[in-house]
Amino acid sequence: MIAIRPAHARGKADFGWLQSRHSFSFGHYYDPAHMGFSDLRVINDDRIAPRAGFDTHGHRDMEIISYVLDGAIRHRDSAGNEAVLRAGEFQVMSAGRGIMHSEFNASNDAPLHFLQIWIEPRETGGEPGYQQKDFGRQPGLTLVASPDGAAGSLAIRQDARLYQLLLAPGEALDFAQASGRRSYVHLIRGSLQLADVQLEPGDGARVSQLPAYTLRNNGSEPLQALLFDLA
C-alpha cells in the first residue's frame, strides 16, 4: 500500500549548467517501472547555474507546475506572460493546444533550485493559461492546486489536488484518502514518518488502498513536502 521511491534511485541528468534528478522517466532517463503515478507524470528536481536556463521551447496538453525552493526563475511565454517566480512561489502553466516558453535563472550569481511537475490534463486542447501565487508558510496542509481553484488555489485541468505540507519538529497530522483515490508524497526537506515508513529528502512515496495515514516530522528540523491527491 506504500511504495517508496528512494532519492538515490532517481534518474539523473548533468549538463553542467543543469543538475537534475527525475522521480519518473524523463528525457534520456527511461525506466518502465517509473513512468508516473496516476495523472502525475513528472517530478524533476532541478538546480540551474546563474544566468543559465531553458531556451524557448514548446509544450502542449500538460499542466506544468513549478515550485521555487531557492533563487528565482525568469519566465516568458508566447501568450505574453513575463514574470519572475521567487522562492516559495508556485506557478501553473496550462499548455493547452500549445505554448512556447523560456525559463532562466534570474540571478547573475546565485544558483536556482526548483521542482518542475507535470500533470496530464483530463482533456486535450484548449487555450493556454498562466497562474502564479505565493501560499506563504502556514503550518500543516495548504491546498495549492485543484480542479476548481478551491480555497484560493491555482486551478488545474485534472481531478488532482496538490498540497504544501509544513511541519515543525514533533508535529503530526492525519490525511484521509477518499475511497478509490491515491496519493503521492515528495519530501523536500526534513525527516518524515509516513504511517510506518521513513522518508528522507528527495524520497517519494506512492500510497494506495489506504483510507487514512499519519504524517509526522520525527526530525529536529522543519519539514517541507508536497502531497498529491490523485484519482
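Structure: see above.
Summary of the structure given here. Since the model is a prediction, treat every value here as computed from it, not as a measurement. (Residues numbered from 1 in each chain as written. Predicted model: local features only at pLDDT ≥ 70, side-chain atom pairs only at ≥ 80, totals over all residues. Heavy atoms only, no water.)

Below, the discussion takes up the sheet that holds strand S13 (residues 140-146). Taken together, seven strands build an open sheet; the order of strands is S1-S20-S17-S22-S15-S13-S14 and the sheet is mixed. Here the strands that pair on one side only, and so sit at the sheet edges, are strand S1 (2-5) and strand S14 (154-155). Pairing analysis gives two bridges linking S13 to S14, with the strands arranged parallel. Bridged to Ala-145 within S14 is Leu-154. (Pairing = 2+ DSSP bridges. Helix = DSSP H or I, 4+ residues; strand = E, 2+ residues; numbered from the N terminus.)

Another point: the side chain of Arg-10. For Arg-10, the position within the fold is in the loop between S1 and strand S2 (11-14). Accessibility expressed as a relative area gives 9% for Arg-10, which makes it buried. When sequence neighbours within four positions are dropped, the list of residues in contact with Arg-10 reads Arg-5, Arg-21, His-22, Ser-23, Asp-45, His-186 and Gly-202. (Buried < 20%, exposed > 50% of the residue type's maximum accessible area, 1.4 Å probe, protein only. Contact = heavy atoms within 4.5 Å.)

Another point: the pairing of S13. Regular strands place their side chains on alternate faces of the sheet. Here S13 lies mainly inside the structure; six of its seven residues are buried. Pairing analysis gives five bridges linking S13 to strand S15 (residues 160-167), with the strands arranged antiparallel. For Leu-141, the partnering residue across the bridge sits in S15 and is Leu-165.

Of the two faces of strand S3 (residues 18-22), the one holding Leu-18, Ser-20 and His-22 is buried and the one holding Gln-19 and Arg-21 is not buried anywhere. Sheet topology note: the S2/S3 ladder contains four bridges and is antiparallel. Counterpart to Gly-11 in the pairing with S3 is His-22. Linkage of S2 to S3, two consecutive antiparallel strands, is achieved through a turn of three residues, within which Gly-16 is found at a positive phi near 85 degrees. The sheet contact formed by S3 and strand S4 (residues 40-48) spans five bridges and is antiparallel. When the sheet's bridge partners are listed, Ser-20 is paired in S4 with Asp-46.

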